[in-house]
Amino acid sequence: MPGTAASGLAVLARPVTWWRRQSLRFRVTAAATAVLALALAVSAYMFVAVLGEALVRGIDDRIYQRGREIVALSDADRLSDPVVSVDNTIVQVLDRDGRIVDATPNTDRLVPLLPAEARDDAVRTGAARFLDGRPYALPGPLRVRALSADRGVTVIVARSFAEVESSLVTTGHVLIAGMPLLLALLAAVSWLVVGRTLRPIALLRRGAAEVGATARSRRLPVPEARDEVHALATTLNDMLGRLEEADARQRALVSDAAHELRSPLASIRLQLEVALSHPEGQDWKETAEGVLEDTLRLSRLAEDLLALARLDEGRLGRREPVDLAELARRTAERYGLGLDLAPGSSPVVLGDALDLRRVLANLVDNALRHAASAVRIGVRAEGSAAELTVTDDGPGIPPEDRERVFDRFTRLDDARSRDDGGAGLGLAIVRTTVEAHGGTVHLEDASPGLRAVVRLPLAC
């Protein structure tokens with residue numbers, strides 16, 4: 001039994017698998033055609049049913065009207081013999097005993113169309129009914145109705161249903177013959193329309209296939225129609241732009257990092273080569289100190305690059321409550337700086353304490369490097385954000401350069417030594433870290449000097 005069930009599921013899965021393997025154009029066309037076929041079938045069935053009901057109701061109304069005329073003539077003793085046939089309507093007039101006393105020429109004058117029991121039921125209900133006319137030598141089915149008149153007279157009125165039946169059959173044949181043609185026409189139109197609709201997607205696919213390592217600046221074709229495909233192409237082009245920008249930043253980072261690593265490595269190599277070439281006259285302590293200094297530069301650069309790589313992925317080491325006032329207090333004590341705290345203010349943010357400590361340390365190091373005499377740290381809460389500031393009284397930075405200094409490996413004073421200016425990653429790490437914590441950082445004029453302002457969302 002388990003084997004039989006498994007084989008049955010496999011058989012059922014085959015059509016699903018086949019369907020999924022077909023092209024989108026085929027599936028949309030087939031689905032639209034199938035839905036239309038179902039709609040047409042239901043519509044045709046309802047149309048024939050409603051048409052048949054309307055025709056039957058029309059016959060019933062006509063035979064009822066004719067029956068009422070015959071009843072009125074019978075009650076007034078004005079019936080002609082035989083009864084005049086109107087529109088091939090069949091009429092039989094029966095007396096109290098059930099004998100035919102008058103009739104139209106197109107019916108039997110001996111056998112009533114309805115036997116006594118059926119006749120009484122028809123008179124009582126007043127509803128028309130179908131009757132097989134073949135036993136009475138009448139073609140096709142009949143629509144029959146019985147009405148009562150005075151003096152126990154019963155009037156039976158009937159009309160052939162053959163014409164209506166033939167009309168319904170003809171209508172059904174026309175619908176059956178026309179539906180395949182209509183479905184074929186719809187399938188062809190759907191195939192063309194879906195093909196034209198998917199053409200921009202095919203162009204997008206070919207354009208995406210041409211985007212490679214040697215054509216990173218290439219963009220996908222954007223259709224003129226302002227539809228979903230246009231939005232998709234625009235979004236993909238925006239994504240390609242971001243990827244190109246990220247790739248350019250990555251290449252620039254690798255190039256700049258290689259350049260920064262080359263200097264200390266070349267210095268270490270030169271010092272060691274000189275020492276080994278002239279060992280007798282070499283001050284090995286001085287050589288070791290120089291190599292150690294360059295090694296420390298390499299270590300700091302490697303740590304900064306690792307921190308940037310982690311922050312570029314949007315990963316925080318941890319997310320915990322951090323008291324900015326306490327963090328600023330410890331940093332001020334370590335560096336011997338002034339501290340400005342708003343009375344009773346102790347803003348708490350969510351983030352990585354080590355990363356935020358690095359942010360403050362980088363800002364302080366940068367401020368100390370350019371300060372004339374003093375550096376101050378400030379902390380306060382403003383609305384739903386905490387504000388951390390580091391202010392120096394140095395020469396400041398021109399407004400046009402205050403955003404550029406946050407770029408990686410940027411030095412405004414290219415002539416100064418790298419030992420004094422660092423690798424140019426401090427402020428880049430500050431901005432990347434602050435943005436990873438959902439905050440912002442900018443530089444503003446302190447008159448005199450410069451103020452770095454960091455805003456972080458307060459912990460809820």
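Conventions adopted
- Residues numbered from 1 in each chain as written.
- Predicted model: local features only at pLDDT ≥ 70, side-chain atom pairs only at ≥ 80, totals over all residues.
- Heavy atoms only, no water.
- Helix = DSSP H or I, 4+ residues; strand = E, 2+ residues; numbered from the N terminus.
- Polar contact = N/O pair within 3.5 Å; in protein donor to acceptor, adjacent residues only side chain to side chain.
- Axes fitted to C-alpha atoms, helices over the stretch in contact; angles between N-to-C directions.
- Left-handed = near helix turned anticlockwise from the far one by under 90°.
- Contact = heavy atoms within 4.5 Å.
- Nonpolar A, V, L, I, M, F, W, Y, C, P; charged D, E, K, R; others polar.
- Pairing = 2+ DSSP bridges.
- Phe/Tyr/Trp six-rings, centres within 6.5 Å; stacked < 30°, edge-to-face > 60°.
- Lys NZ or Arg CZ within 6 Å of the ring centre and 35° of its normal.
- Expected span 1.5 Å × (residues − 1).
- Buried < 20%, exposed > 50% of the residue type's maximum accessible area, 1.4 Å probe, protein only.
- Arc of directions from axis to C-beta.
- Patch = residues over 30% accessible without salt bridge, like charges linked within 9 Å, V, L, I, M, F, W, Y side chains within 5 Å.
- Areas by Shrake-Rupley, 256 points an atom, 1.4 Å probe, with all protein chains shown as cover.
- Salt bridge = Lys/Arg side-chain N within 4 Å of Asp/Glu carboxyl O.
- pLDDT = per-residue confidence, 0-100.

Moving on, we come to the environment of Arg124. The residue Arg124 is located in helix α3 (residues 116–125) in this model. For the pair formed by Arg124 and Leu147, sequence separation is 23 residues and the distance between their alpha carbons is 8.7 Å. Of the polar contacts made by the side chain of Arg124, one reaches the side chain of Asp121; its length is 2.5 Å.

Here the focus is the packing of helix α8 (residues 353–370) against helix α10 (residues 426–436). Put simply, α8 and α10 touch, their axes get as near as 9 Å, and they point 145° apart. Relative to α10, the crossing made by α8 is left-handed. Across from Asp355, Arg358, Val359, Asn362, Leu363 and Asn366 in α8, the residues of α10 making contact are Gly426, Leu427, Ile429, Val430, Thr433 and Val434. Across the contact of α8 with α10, the residue classes tally to 6 nonpolar, 4 polar and 2 charged.

Attention now moves to the sheet that holds strand β10 (residues 385–392). Reading across the sheet, the 5 strands line up as β7-β9-β10-β12-β11 and stay open at both edges, with mixed pairing between neighbours. Each having just a single partner strand, β7 (338–341) and β11 (440–445) make up the two edges of the open sheet. Going across the sheet, the axis of each strand differs from the next one's by a mean of 15°, ignoring polarity. Here 4 bridges tie β7 to strand β9 (residues 375–382), and the two strands are oriented parallel to one another. Along β9, the bridge assignment pairs Leu339 with Ile377. Most of the contacts of helix α7 (residues 324–335) go to β9, to which it runs at about 175°, and overall it touches β7, β9, β10 and β12 (450–457). Against the sheet, α10 touches β11 and β12, its axis set at about 130° to β11.

A separate point is the sheet that holds strand β1 (residues 90–94). One open sheet holds the 5 strands; their spatial order is β2-β1-β5-β4-β3, and the pairing between them is antiparallel. Two strands in the sheet have a free side with no partner beyond their single neighbour: β2 (100–103) and β3 (129–132). Pairs of neighbouring strands in the sheet enclose a mean axial angle of 30°, with direction left out of account. In this sheet, strand β4 (residues 141–148) lies alongside β3 in antiparallel orientation, the contact comprising 4 bridges. Looking at β4, one finds that Phe130 is bridged to Arg143. Sheet contacts for helix α2 (residues 24–75): β1, β3, β4 and β5 (154–160); angle to β4, the most-contacted strand, approximately 40°. Across the sheet, α3 lies against β1, β3, β4 and β5, angled at about 70° from β4, the strand it touches most.

Here we come to the packing of aromatic side chains. One pass over the full model with this rule turns up 2 aromatic pairs. Relative to Phe161, the ring of Phe130 has its centre 4.9 Å away and its plane inclined at 85°; by these criteria the two rings are edge-to-face. Note that Phe130 is positioned in strand β3 and Phe161 in the loop between β5 and α4 (162–210), a separation of 31 residues in sequence. Over the ring of Phe406 we find Arg431, and its NZ or CZ is 4.1 Å from the ring centre.

Next up on the list: α7. Here α7 spans 16 Å end to end across 12 residues, near enough to the 16 Å set by a 1.5 Å rise per residue. Of the positions making up α7, those classed as buried are Leu324, Ala325, Leu327, Ala328, Thr331 and Ala332. End-on view of α7: buried residues confined to an arc of 160°, all on one side of the axis. The outward face of α7, more than 90 degrees from its buried face, is lined by the exposed residues Arg330, Glu333 and Arg334. The residue sitting at the N-terminus of α7 and contributing the capping side-chain oxygen is Asp323; that oxygen lies 3.0 Å from the backbone nitrogen of Ala325. Directly after α7, the chain includes Gly336, whose backbone phi takes a positive value near 70°.

All right, on to a nonpolar patch on the surface then. Together, Leu38, Val42, Tyr45 and Met46 give the surface a local cluster of nonpolar side chains, amounting to about 470 Å² of exposed area. If you trace the backbone, Val42 turns up in helix α2. Judged by its relative accessible area of 41%, Val42 falls in the partly exposed class.

This paragraph deals with the confidence of the model for the protein. The predicted model of the protein has a mean per-residue pLDDT of 82, with 89% of residues at 70 or higher. pLDDT under 50 marks residues 414–421. Its contacts with residues more than four places away, or in other chains, come to 12 contacts.

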